[in-house]
Number of protein chains: 2
Amino acid sequence: MERTLIVQTPNFLGKEVRVKGWVNSRRDHGAIVFLDLRDASGLLQVVASSEIAEDITDEYVVEIEGQIKERPRSMVNAALSTGQVELEAKTIKVISKAEVLPFDLKEIEKVSLPVLLDFRPLSLRHEKIKAIFKVEEAVIESFRAFLKNRGFTEIQVPTIVPTATEGGSEVFKVDYYGKNAFLAQSPQFYKQIMAGVFEKVYTLAHLYRAEPSVTTRHMSEFLGMDAEMGFIESWEEIMETADAVIKNIFKTLEQKCPAQLTLLNATMPLVTDKTPRLKMREAQEIIFQRTGRDNRAEPDLSPQDEREICQWAKETGNSDIIFITHYPTKKRPFYTQEDPNDPEYTLSFDVLCRGLEIVTGGQRINDYQKLLNNVKKWGNKPENFDLYLQAFKYGMPPEGGFCLGAERIVKQILGLENLREASLFPRDMSRIDFRLSREE
Amino acid sequence: MERTLIVQTPNFLGKEVRVKGWVNSRRDHGAIVFLDLRDASGLLQVVASSEIAEDITDEYVVEIEGQIKERPRSMVNAALSTGQVELEAKTIKVISKAEVLPFDLKEIEKVSLPVLLDFRPLSLRHEKIKAIFKVEEAVIESFRAFLKNRGFTEIQVPTIVPTATEGGSEVFKVDYYGKNAFLAQSPQFYKQIMAGVFEKVYTLAHLYRAEPSVTTRHMSEFLGMDAEMGFIESWEEIMETADAVIKNIFKTLEQKCPAQLTLLNATMPLVTDKTPRLKMREAQEIIFQRTGRDNRAEPDLSPQDEREICQWAKETGNSDIIFITHYPTKKRPFYTQEDPNDPEYTLSFDVLCRGLEIVTGGQRINDYQKLLNNVKKWGNKPENFDLYLQAFKYGMPPEGGFCLGAERIVKQILGLENLREASLFPRDMSRIDFRLSREE
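Structure report, in brief. Everything numeric in this text was worked out from a predicted model, so none of it was measured.

Reading the values: the criteria
Residues numbered from 1 in each chain as written. Chains lettered and ligands numbered in written order. Predicted model: local features only at pLDDT ≥ 70, side-chain atom pairs only at ≥ 80, totals over all residues. Heavy atoms only, no water. Helix = DSSP H or I, 4+ residues; strand = E, 2+ residues; numbered from the N terminus. Expected span 1.5 Å × (residues − 1). Contact = heavy atoms within 4.5 Å. Least-squares fit on C-alpha atoms with pLDDT ≥ 70 in both. Phe/Tyr/Trp six-rings, centres within 6.5 Å; stacked < 30°, edge-to-face > 60°. Buried < 20%, exposed > 50% of the residue type's maximum accessible area, 1.4 Å probe, protein only. Lys NZ or Arg CZ within 6 Å of the ring centre and 35° of its normal. Arc of directions from axis to C-beta. Polar contact = N/O pair within 3.5 Å; in protein donor to acceptor, adjacent residues only side chain to side chain. Salt bridge = Lys/Arg side-chain N within 4 Å of Asp/Glu carboxyl O. Nonpolar A, V, L, I, M, F, W, Y, C, P; charged D, E, K, R; others polar. Pairing = 2+ DSSP bridges. Axes fitted to C-alpha atoms, helices over the stretch in contact; angles between N-to-C directions. Parallel < 35°, antiparallel > 145°, perpendicular 65-115°, else oblique. Left-handed = near helix turned anticlockwise from the far one by under 90°.

### What about helix α9 (residues 303-317) of chain B?
All names here are of chain B. Between its first and last C-alpha atoms α9 spans 20 Å; for 15 residues at 1.5 Å apiece the expected length is 21 Å, and the two agree. Turning to α9, the residues buried within the fold contact β12 (277-279), α8 (280-291), β13 (321-325), β16 (348-353) and β17 (356-363). After α9 finishes, the residue Asn318 shows a positive phi value of roughly 55 degrees.

### What about the relation of the copies chain A and chain B?
For the pair chain A and chain B, the superposition axis carries a translation of 0.0 Å, the fit reaches an RMSD of 0.0 Å, and the rotation angle comes to 180 degrees. Within this description, the copies of the chain are treated as partners about a two-fold rotation axis. Residue A:Val174, judged by its C-alpha, is the member of chain A lying nearest the rotation axis, at 2.3 Å. In this assembly, 100% of the residues forming the interface of chain A have copies in chain B that are likewise at the interface, indicating an isologous arrangement.

### With respect to the packing of aromatic side chains
Across all of its chains, the model carries 34 aromatic pairs over all chains by this definition. The interplanar angle of 75 degrees and the centroid separation of 5.4 Å between the aromatic rings of B:Phe334 and B:Tyr335 together place this pair among those described as edge-to-face. Judged by its relative accessible area of 3%, B:Phe334 falls in the buried class. With a centroid separation of 5.1 Å and an interplanar angle of 70 degrees, the aromatic rings of B:Tyr388 and B:Phe392 are classed as edge-to-face. Of the two residues, B:Tyr388 and B:Phe392 both sit in helix α11 (residues 386-393), four residues apart, roughly one turn of that helix. One exposure class covers both B:Tyr388 and B:Phe392, and it is buried. Put simply, the rings of A:Phe189, A:Phe334, A:Tyr335, A:Phe385, A:Tyr388 and A:Phe392 touch in pairs and so form one group of aromatic residues. Positioned above the aromatic ring of A:Phe288 is the side chain of A:Arg296, whose terminal nitrogen or guanidinium carbon lies 3.7 Å from the ring centre. The ring of A:Phe198 has B:Lys134 sitting right over it, with the charged end atom 5.5 Å from the ring centre.

### With respect to helix α10 (residues 368-377) of chain A
All names here are of chain A. Buried within α10 we find Tyr368, Leu371, Leu372, Asn374 and Val375. The buried residues of α10 occupy an angular sector of 160 degrees when projected down its axis, which confines them to one face. Among the structural elements, α11 (386-393) are those in contact with the buried residues of α10. By the N-cap criterion, in which a side-chain oxygen at the helix start approaches the backbone nitrogen of a residue two or three places on, α10 is capped by Asp367, the distance to Gln369 being 3.3 Å.

### Observations concerning the interface of chain A and chain B
It is common to give the size of an interface as the accessible area that goes away when the parts come together. The interface is formed by 104 residues belonging to chain A together with 104 residues belonging to chain B. Here chain A is connected to chain B by ten salt bridges. The residue A:Glu233 makes a salt bridge to B:Lys20 at a minimum N-O spacing of 2.6 Å. In this assembly, chain A and chain B are joined by 56 residue pairs in polar contact (both at pLDDT 80 or more). Of all the elements, helix α4 (residues 127-149) of chain A adds the most residues to the side of chain A that touches chain B, at nine residues. Here the residues of the side of chain A that touches chain B sort into 54 nonpolar, 14 polar and 36 charged. Of the strand pairs in this sheet, strand β8 (residues 173-176) of chain A and strand β8 (residues 173-176) of chain B are connected by three bridges, and their pairing is antiparallel. Residue pairing in the sheet places A:Val174 in a bridge with B:Val174 of β8(B).

### Side note on the packing of helix α4 (residues 127-149) of chain B against helix α12 (residues 406-414) of chain B
Residues and elements named next belong to chain B. One can describe the packing of α4 onto α12 by two numbers: an axis separation of 10 Å at closest approach and a directional angle of 125 degrees. By the angle between their axes, α4 is oblique relative to α12. Viewed along their axes, α4 and α12 form a crossing whose handedness is right-handed. For the pair formed by α4 and α12, the contact residues are Ile132, Val135, Glu136 and Val139 on the first element and Glu407, Ile409, Val410 and Leu414 on the second. Looking at side-chain class alone, the contact of α4 with α12 contains six nonpolar, no polar and two charged residues.

By themselves, these are just geometric observations and shouldn't be taken as functional.
In structure tokens, the structure reads:
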């Protein structure tokens, strides 16, 4: 007999089926045992005699044959897609046993995140945690499909790089055949080079940051969804594209993940036709007027500022996302295009969503001499950027792009407390699978 | 006036257009200059007066306005999709200049691969080199779409790992906040863990191998297309899936990339309904009988053996792909399932295509105790595999999977001489963008 997936069992009423999965829970009622069986498609109630259910308990992998029956009306579980049926087990075969669990998988809200991460292979099996990664999958698919539809080419770029991409010390060093190499902080240079080849490109790339502290917003390795587009007439096109990508993600999730969103009690961020937009200095002025906090001379928004300006956007513009533009030239990477009207500031932008930056982008310098000068001005050696600079030496159109943090957008959509919850196996200063207090 | 993409210009006969792109070539004929203009969509012949074409030359980025005209019949270029038209330029605006090129981009067959890689941002602009990466894009899309359609979930797994995945010394070390970490040789452990969550998963992951030599078949960083599936009834299901994935890639390319395949003079590998399959020992016996080369006691096939057995498969089975199965237990990783009928050999397989391994896969041990014993037997410390082992401690179905090398399948389909040609920015012992002879 072929395996029947649990989600399909209601279509087999009165029929014999063979199902397989993990025991999600066991409840003993004298001679009768209720098992909830879980497979990738759903949950099914199984009724078995205590004889054939023996010592089967949580997370045992089993194969059960029996008949699909209608549940007594009083037993119908409306919250479950299979809630109107149950399987009357005839045989149960143990495929794989499980040791006693370190915690009750059905009560994970009582378990701290570090412990959930210590037991990630187990905690990931919880339906709410699984749901996060079905949402992440849909976010990524949406990003790719939308840009492909707009004529972007998907590219694959390396992560071992010869130079610390954007300067800064937060870069991991690799022993590369006895020489120094680094893990890329972003695919920036490569996607720009490729804008000189395919004009419009996107890539999914792992980004590495040796964050020297543990926060709820940072990890050492994360997934960037990067896009870059050449022959722009104006940097407005970059923002329009980023805006459309984000809104399309929200729309896609509503269509593809309603069950997960309900399960996780998530409400989609509010958007409006014209997403609110402020220059950074304007945002600081508004924050000052709303809170009295005078950060108007700061070169960036603090996390507190980001939350405040998002609150403003929601109150005044009914939007959970906002563009902040024109960050100071000195604080942005050397390749960022200055605003021709005010060279102290750049044609750069972040998108904040519910208090957190989820996108950063901008127009790049495409003039070779200016770029070369900036490399030097920022204190770098041009020879370390030789390959990158070639793209501009041999003709590059006006171009720009953006990077969307995959885990960050998932965190903000789902209202997760910690970015780590949006990563299957998060890495930070204190953990790579194991806690790093443990010496190697 | 809106920009017209070059591919669309034949639809604008007699009309004024504005096109943008790179100057692919310039030919002077007295007062008349012919420019071939290139954008992401194609090539267009432009006719201009020498006055307005001035000193415009190869790789200049320009914007040209003018009228689309029919070419004189003697000038029609059937090899070009725009070959029946040309643009009579009225104005040419230089967007970005280019310095003198280090080689003639139209004669790259005269340039060595190392030099092409030294000038990658430039050489990637050549239509034949670009075509390789449109093929790669289609290969990757085909892999994802096929498995998604079969109910696989896409997952994202980390590349910084605490333990050298499969043993061996060919692993890159990362300075991780003063502690040792490594770059993953494969996403193996994580995809297996996730088979315990979503049953069927796939992931695109960068694989890192500190290959101690430079060959035409290896790189230090490459792209693995990995799949893993739980609740298999037999390891035949894994091979069936791998076989179907490969054949679907070939079919997809024929549909989506006919122009690229023609340009690169590629012929699709031959396949048959039932792909030839040999045990490794059978293959060695055949090789011995065909060539007299006695490698029958060797634990693996040499590159020469791989080419020979592919030749046999083509001659006798009309197939450019072949499954080689049952590699020796001692030579496979500790997690490989033994053949119950002959524990000296494993339920493992490679797929060879035109003389090169493009897939490796097999069934895994899903019994916790047996896996734990093997970790020790292979000389590893169980505590270094704690997270991985948890997945089996808490119940794991029979499962297995495979990894398809993205660059390798592209190389074999297109008949490229060197694997590096199938990587935008290849890394090896002697190069990370730059040649490594140059000291940092």
